[in-house]
Amino acid sequence: MLKKKVEDICNRQVEREAYSSNLYLAMAIWAETNGFAGVAGWLYVQADEERMHMLKFIKYINERGGKAVIPALKKPVAEYKNVEDVFKEVLKHEEFVTASINEIVALTLDEKDFNTHNFLQWFVMEQVEEEASVKNILDKVRLVGKNNLYQFDRDILGLRAPSTGPQPQA
Ligand code: FEO
(Lines give C-alpha, C1' and ligand atoms only; values in the text may rest on other atoms or scores of the structure.)
Protein backbone atom coordinates (compact mmCIF):
# COMPACT_ATOMS: atom_id res chain seq x y z
CA MET A 1 0.00 0.00 0.00
CA LEU A 2 1.37 3.39 -0.97
CA LYS A 3 1.80 5.95 1.78
CA LYS A 4 -0.30 9.05 1.15
CA LYS A 5 2.79 11.26 0.76
CA VAL A 6 4.20 8.96 -1.92
CA GLU A 7 0.83 8.63 -3.65
CA ASP A 8 0.49 12.42 -3.76
CA ILE A 9 3.93 13.05 -5.19
CA CYS A 10 3.39 10.30 -7.80
CA ASN A 11 0.13 12.00 -8.76
CA ARG A 12 2.04 15.26 -9.07
CA GLN A 13 4.23 13.41 -11.57
CA VAL A 14 1.14 12.22 -13.48
CA GLU A 15 0.32 15.89 -13.95
CA ARG A 16 3.88 16.78 -14.99
CA GLU A 17 4.12 13.96 -17.56
CA ALA A 18 0.70 14.88 -18.96
CA TYR A 19 1.77 18.51 -19.22
CA SER A 20 5.03 17.43 -20.90
CA SER A 21 2.99 15.59 -23.53
CA ASN A 22 0.81 18.64 -24.18
CA LEU A 23 3.82 20.96 -24.23
CA TYR A 24 5.51 18.85 -26.91
CA LEU A 25 2.27 18.71 -28.89
CA ALA A 26 2.09 22.51 -28.81
CA MET A 27 5.71 22.68 -29.98
CA ALA A 28 5.02 20.09 -32.71
CA ILE A 29 2.13 22.22 -33.97
CA TRP A 30 4.38 25.30 -34.03
CA ALA A 31 7.01 23.34 -36.01
CA GLU A 32 4.49 21.81 -38.42
CA THR A 33 2.89 25.15 -39.21
CA ASN A 34 6.27 26.82 -39.72
CA GLY A 35 7.59 24.36 -42.30
CA PHE A 36 9.67 22.09 -40.05
CA ALA A 37 8.12 18.70 -40.70
CA GLY A 38 11.11 16.77 -39.29
CA VAL A 39 11.15 18.75 -36.04
CA ALA A 40 7.38 18.27 -35.76
CA GLY A 41 7.80 14.51 -36.27
CA TRP A 42 10.39 14.35 -33.49
CA LEU A 43 8.14 16.31 -31.14
CA TYR A 44 5.02 14.23 -31.91
CA VAL A 45 6.94 11.09 -30.97
CA GLN A 46 8.21 12.80 -27.83
CA ALA A 47 4.63 13.75 -26.90
CA ASP A 48 3.58 10.08 -27.22
CA GLU A 49 6.47 9.04 -24.98
CA GLU A 50 5.43 11.51 -22.30
CA ARG A 51 1.91 10.08 -22.38
CA MET A 52 3.46 6.63 -21.90
CA HIS A 53 5.39 8.00 -18.89
CA MET A 54 2.13 9.33 -17.45
CA LEU A 55 0.47 5.93 -17.94
CA LYS A 56 3.34 4.17 -16.17
CA PHE A 57 2.73 6.35 -13.09
CA ILE A 58 -1.07 5.89 -13.30
CA LYS A 59 -0.78 2.10 -13.44
CA TYR A 60 1.81 2.00 -10.66
CA ILE A 61 -0.26 4.16 -8.30
CA ASN A 62 -3.37 2.03 -8.88
CA GLU A 63 -1.47 -1.27 -8.58
CA ARG A 64 -0.06 -0.24 -5.21
CA GLY A 65 -3.47 0.48 -3.70
CA GLY A 66 -3.58 4.19 -4.43
CA LYS A 67 -5.76 6.06 -6.88
CA ALA A 68 -4.37 8.02 -9.81
CA VAL A 69 -5.90 11.41 -10.49
CA ILE A 70 -6.27 12.97 -13.93
CA PRO A 71 -5.48 16.66 -13.46
CA ALA A 72 -6.53 19.84 -15.22
CA LEU A 73 -3.59 21.10 -17.22
CA LYS A 74 -2.39 24.63 -17.86
CA LYS A 75 -2.18 25.73 -21.47
CA PRO A 76 1.32 25.28 -22.88
CA VAL A 77 3.16 28.07 -24.70
CA ALA A 78 2.28 27.82 -28.40
CA GLU A 79 4.60 30.41 -29.96
CA TYR A 80 8.37 30.13 -30.31
CA LYS A 81 10.98 32.43 -31.82
CA ASN A 82 12.75 29.74 -33.84
CA VAL A 83 13.86 26.08 -33.77
CA GLU A 84 16.70 26.77 -31.32
CA ASP A 85 14.21 28.41 -28.97
CA VAL A 86 12.02 25.27 -29.12
CA PHE A 87 14.87 22.95 -28.16
CA LYS A 88 16.15 25.33 -25.46
CA GLU A 89 12.69 25.07 -23.92
CA VAL A 90 12.63 21.27 -24.33
CA LEU A 91 15.95 21.01 -22.48
CA LYS A 92 14.79 23.38 -19.73
CA HIS A 93 11.63 21.34 -19.32
CA GLU A 94 13.48 18.01 -19.22
CA GLU A 95 15.82 19.39 -16.54
CA PHE A 96 12.75 20.34 -14.54
CA VAL A 97 11.33 16.82 -14.96
CA THR A 98 14.65 15.28 -13.89
CA ALA A 99 14.61 17.38 -10.72
CA SER A 100 11.03 16.32 -10.14
CA ILE A 101 11.86 12.60 -10.48
CA ASN A 102 14.83 13.07 -8.15
CA GLU A 103 12.58 14.62 -5.51
CA ILE A 104 10.37 11.53 -5.62
CA VAL A 105 13.42 9.28 -5.34
CA ALA A 106 14.55 11.24 -2.26
CA LEU A 107 11.11 10.94 -0.67
CA THR A 108 11.01 7.18 -1.22
CA LEU A 109 14.32 6.89 0.66
CA ASP A 110 13.02 9.02 3.54
CA GLU A 111 9.85 6.91 3.65
CA LYS A 112 11.74 3.62 3.17
CA ASP A 113 9.45 2.82 0.21
CA PHE A 114 11.83 0.57 -1.68
CA ASN A 115 9.21 -0.67 -4.16
CA THR A 116 8.56 2.82 -5.44
CA HIS A 117 12.28 3.53 -5.32
CA ASN A 118 12.80 0.55 -7.59
CA PHE A 119 9.94 1.58 -9.90
CA LEU A 120 11.59 5.01 -10.32
CA GLN A 121 14.93 3.69 -11.54
CA TRP A 122 13.56 3.38 -15.09
CA PHE A 123 12.69 7.09 -15.00
CA VAL A 124 16.10 8.03 -13.61
CA MET A 125 17.77 6.38 -16.62
CA GLU A 126 15.19 7.72 -19.05
CA GLN A 127 15.93 11.29 -17.92
CA VAL A 128 19.66 10.79 -18.47
CA GLU A 129 18.89 9.66 -22.04
CA GLU A 130 16.36 12.39 -22.73
CA GLU A 131 18.61 15.20 -21.56
CA ALA A 132 21.56 13.83 -23.55
CA SER A 133 19.41 13.47 -26.67
CA VAL A 134 18.09 17.03 -26.46
CA LYS A 135 21.55 18.49 -25.72
CA ASN A 136 22.83 16.70 -28.82
CA ILE A 137 20.06 18.20 -30.92
CA LEU A 138 20.64 21.66 -29.49
CA ASP A 139 24.35 21.40 -30.33
CA LYS A 140 23.44 20.50 -33.92
CA VAL A 141 20.96 23.38 -34.24
CA ARG A 142 23.66 25.79 -33.08
CA LEU A 143 26.23 24.27 -35.42
CA VAL A 144 24.11 24.48 -38.55
CA GLY A 145 22.95 28.02 -37.84
CA LYS A 146 19.94 29.67 -39.42
CA ASN A 147 20.88 28.98 -43.03
CA ASN A 148 21.06 25.20 -42.96
CA LEU A 149 17.87 24.39 -41.12
CA TYR A 150 16.47 22.59 -44.17
CA GLN A 151 19.12 19.90 -43.81
CA PHE A 152 18.79 19.82 -40.03
CA ASP A 153 15.03 19.36 -40.33
CA ARG A 154 15.58 16.43 -42.68
CA ASP A 155 18.24 14.83 -40.48
CA ILE A 156 16.62 15.20 -37.07
CA LEU A 157 14.61 12.05 -37.69
CA GLY A 158 17.85 10.10 -37.30
CA LEU A 159 18.92 11.82 -34.07
CA ARG A 160 16.78 9.85 -31.62
CA ALA A 161 18.43 7.47 -29.20
CA PRO A 162 17.45 3.95 -30.38
CA SER A 163 15.93 2.97 -27.04
CA THR A 164 13.58 5.92 -26.71
CA GLY A 165 10.67 4.43 -28.61
CA PRO A 166 9.12 4.28 -32.05
CA GLN A 167 10.70 6.31 -34.82
CA PRO A 168 8.71 9.13 -36.36
CA GLN A 169 7.45 8.64 -39.90
CA ALA A 170 9.39 10.63 -42.48
FE1 FEO B 1 8.71 12.10 -19.05
FE2 FEO B 1 10.64 13.71 -20.83
O3 FEO B 1 10.13 13.23 -19.15
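The residue count restarts for each chain, going from 1 along the sequence in the order it is written. In view of the model being predicted, local features appear only for residues whose pLDDT reaches at least 70, and side-chain atom pairs are presented and counted only at 80 or more, with totals across whole chains, interfaces and linings using the full set of residues. Note: side-chain values were computed over all heavy atoms of the structure, leaving out hydrogens and water.

K.L.:
I'd love a proper account of the nonpolar core, names of residues and values included.
P.N.:
Counting residues in hydrophobic clusters, the biggest one holds 27 residues, and the most contacted among them are Val39, Leu43, Val83, Phe87 and Phe152. The secondary structure listing takes helices from DSSP runs of H or I that are at least 4 residues long and strands from runs of E that are at least 2 residues long, numbered from the N terminus. Elements with a contribution of two residues or more to this core: α1 (4-32), α2 (37-63), α3 (83-110), α4 (114-144) and α5 (149-155). Of the residues forming this core, the biggest block, 7 residues, is contributed by α1. Any two residues whose heavy atoms approach within 4.5 Å are treated as being in contact. Apart from the residues lying within four places of it in its own chain, the contact partners of Leu43 are Tyr24, Met27, Ala28, Ala31, Val86 and Val90. Within the second largest apolar cluster, 20 residues are counted, among which are Ile58, Ile101, Val105 and Phe123. Throughout this description, the term nonpolar core refers to a set of buried Ala, Val, Leu, Ile, Met, Phe, Trp, Tyr and Cys residues connected via side-chain atoms within 4.5 Å. Categorising residues by exposure relies on relative accessible area from a 1.4 Å probe, with only protein chains included: less than 20% of the type maximum marks a residue as buried, more than 50% marks it as exposed, and the intermediate range marks it as partly exposed.

K.L.:
Residues and numbers for the packing of α2 against α4, please.
P.N.:
Relative to each other, α2 and α4 sit at 170°, their axes nearing to 12 Å. In terms of axis orientation, α2 runs roughly antiparallel to α4. Seen from α2, the contacting residues are Trp42, Gln46, Glu49, Glu50, Met52, His53, Lys56, Phe57 and Tyr60; seen from α4, they are Asn115, Thr116, Phe119, Leu120, Trp122, Phe123, Glu126, Glu130, Ser133, Val134 and Ile137. Class assignment of the residues belonging to the contact of α2 with α4 gives a composition of 10 nonpolar, 5 polar and 5 charged. To obtain an axis, a line is fitted to C-alpha atoms, over the contacting stretch when the element is a helix, and the angle between two such axes runs from 0 to 180 degrees between their N-to-C directions. Angles are sorted into four bins: roughly parallel if under 35 degrees, roughly antiparallel if over 145, roughly perpendicular if 65 to 115, and oblique for all others. Asp, Glu, Lys and Arg are counted as charged, while Ala, Val, Leu, Ile, Met, Phe, Trp, Tyr, Cys and Pro are counted as nonpolar; the rest, among them Gly, fall into the polar class.

K.L.:
So what about the side chain of Thr98? Which residues, and what values?
P.N.:
Counting through the fold element by element, Thr98 comes out in helix α3. For Thr98, a relative accessible area of 17% translates into the label buried. Polar side-chain contacts of Thr98 include one of 3.0 Å to the side chain of Gln127. In this view, Thr98 contacts Gln127 and Glu131; residues no more than four positions away in its chain are not counted. Side-chain atoms alone can form a polar contact between residues adjacent in sequence; in general such a contact is a pair of N or O atoms within 3.5 Å, and within protein one must be able to donate a hydrogen while the other accepts it.

K.L.:
Give me unusual backbone geometry: which residues, what numbers.
P.N.:
Positive phi is not limited to glycine here, since Lys112 has a value of about 50°. Relative to the helices and strands, Lys112 is located in the loop between α3 and α4. Classification of Lys112 by relative accessible area gives exposed; the value is 61%.

K.L.:
Give a detailed account of the layout of surface pockets, specifying residues and quantitative values.
P.N.:
Over the atoms rolls a probe the size of a water molecule, and in doing so it shows where empty space is left. The way it works is a 1 Å grid over only the protein atoms, where trapped points that fit a 1.4 Å probe form a cavity and open points with protein on both sides within 12 Å along at least five of seven lines form a pocket, and then any residue with an atom within 4 Å of a point lines it. Grid points are joined across faces, edges and corners, and a volume is the space filled by probe spheres set on the points. As a volume, the largest pocket reaches approximately 260 Å³. Forming the walls of the largest pocket are Glu15, Arg16, Tyr19, Leu23, Met27, Lys74, Val77, Tyr80, Glu89, Lys92, His93 and Phe96. The set of elements that each furnish at least two residues to the lining of the largest pocket consists of α1 and α3. Tallying contributions element by element places α1 first for the lining of the largest pocket, with 5 residues. Tallied by class, the residues present in the lining of the largest pocket amount to 6 nonpolar, 1 polar and 5 charged.

K.L.:
Lay out the packing of aromatic side chains with the relevant residues and their values.
P.N.:
Centre-to-centre distance and the angle between the planes together describe a pair of aromatic rings. Two aromatic rings, drawn from Phe, Tyr or Trp (for Trp, its six-membered ring), form a pair once their centres lie within 6.5 Å of each other, and the interplanar angle then sorts them: stacked below 30 degrees, edge-to-face above 60, tilted otherwise. Scanning the model with the defined rule gives 9 aromatic pairs in all. Ring centres 5.0 Å apart and planes at 80° place the aromatic pair Trp122 and Phe123 in the edge-to-face group. A relative accessible area of 1% means that Phe123 is categorised as buried. Among the aromatic side chains, those forming a connected cluster through ring pairs are Phe57, Tyr60, Phe119, Trp122 and Phe123. Any Lys NZ or Arg CZ found within 6 Å of a ring centre and within 35 degrees of that ring's normal is scored as a charge over the ring. The ring of Trp122 carries Lys56 above its face, with NZ or CZ at 4.1 Å from the centroid. Sitting above the plane of the Tyr19 ring, Lys74 keeps its charged end 5.0 Å from the centroid.

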